[in-house]
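Chains, contacts and geometry: an overview
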Amino acid sequence: DLHKLMIGGFGTLGVITEVNFRLHPTEERRRSWTVRAIDPMMFHEGLAALLDSQSVPSSIQIRTNGQRFALDACVAALPETIRDFGDQLQQVFRNLEIADSSEEVWLEREELFNRSENLILKISVLSSQICSSISQVMKSAAEAEMEIAIVAQATGLIMIRLSSSPESGISFVDHLREQVEGAGGSVVALQVPEMLRERLDMWGALPCSIGLMREIKHRF
């Protein structure tokens, strides 16, 4: 996958001068639901059931801007299939509040980047760890008295926006990396305020594949 190498090299393997995109038709029929809970772990079993089912949603995300949590699920299919998926959601999350949601919920991830003064992190974990990882992040943020917003994809990518003092931000990232990297994940800073630019490690611990990466760069 040469194109993945070029993108992942961040300009160190060469310069991309032309890009072709493969386009897909717009979904004609789609519907979204939102499941609400007071703890992200309340989504854990239901999320695992959804990801393991035959009627896989086209999009699933978990988000929070405070104490309440929301799981959004979207399905694109024939009308009768969409109704069946709604019934399936009710069975999977039968003890939680479920309601129709608008298309605007799928803009939440993009809106994290609207404030350039905030620190934005990307945490990569296994999909089975997503709920427990969000729970750990919220606990750490509460202890540090930080303002935080999270939008996570069901595949295991968690986007975090932090608002804090420089010292608190650096301490939080270090603590987070101890937890996540110890379990085989990673924490990367995607957006760093100017005051932290020279003080924060953007990448964290080097992966075990660093030798292979350096050899590829050497051959290029």
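Our focus in this paragraph is the packing of aromatic side chains. Per the stated rule, a full pass over the model turns up 2 aromatic pairs. On the basis of an interplanar angle of 85° and a centroid distance of 6.4 Å, the ring pair of Phe43 and Phe93 is categorised as edge-to-face. Residue Phe43 is found in the loop between strand S1 (30-37) and helix H2 (44-51), and its partner Phe93 is found in the loop between helix H3 (79-92) and strand S4 (97-101); the two are separated by 50 residues along the sequence. Under the relative-accessibility criterion, Phe43 is labelled buried at 0%.

In this section: the sheet that holds S1. Pairing is antiparallel in the open sheet, where 8 strands are placed in the order S4-S1-S3-S2-S6-S7-S5-S8. One side of each edge strand has no neighbouring strand; the edge strands of this open sheet are S4 and strand S8 (186-191). Taking each pair of neighbouring strands and ignoring which way they run, the sheet shows an average axis angle of 20°. Two strands pair when backbone bridges link them, and strand S6 (residues 147-153) and strand S7 (residues 157-163) are joined in this way by 6 bridges, in the antiparallel orientation. Each residue of the ladder has a partner; that of Ile150, found in S7, is Ile160.

Calculation notes
Residues numbered from 1 in each chain as written. Predicted model: local features only at pLDDT ≥ 70, side-chain atom pairs only at ≥ 80, totals over all residues. Heavy atoms only, no water. Phe/Tyr/Trp six-rings, centres within 6.5 Å; stacked < 30°, edge-to-face > 60°. Helix = DSSP H or I, 4+ residues; strand = E, 2+ residues; numbered from the N terminus. Buried < 20%, exposed > 50% of the residue type's maximum accessible area, 1.4 Å probe, protein only. Pairing = 2+ DSSP bridges. Axes fitted to C-alpha atoms, helices over the stretch in contact; angles between N-to-C directions.

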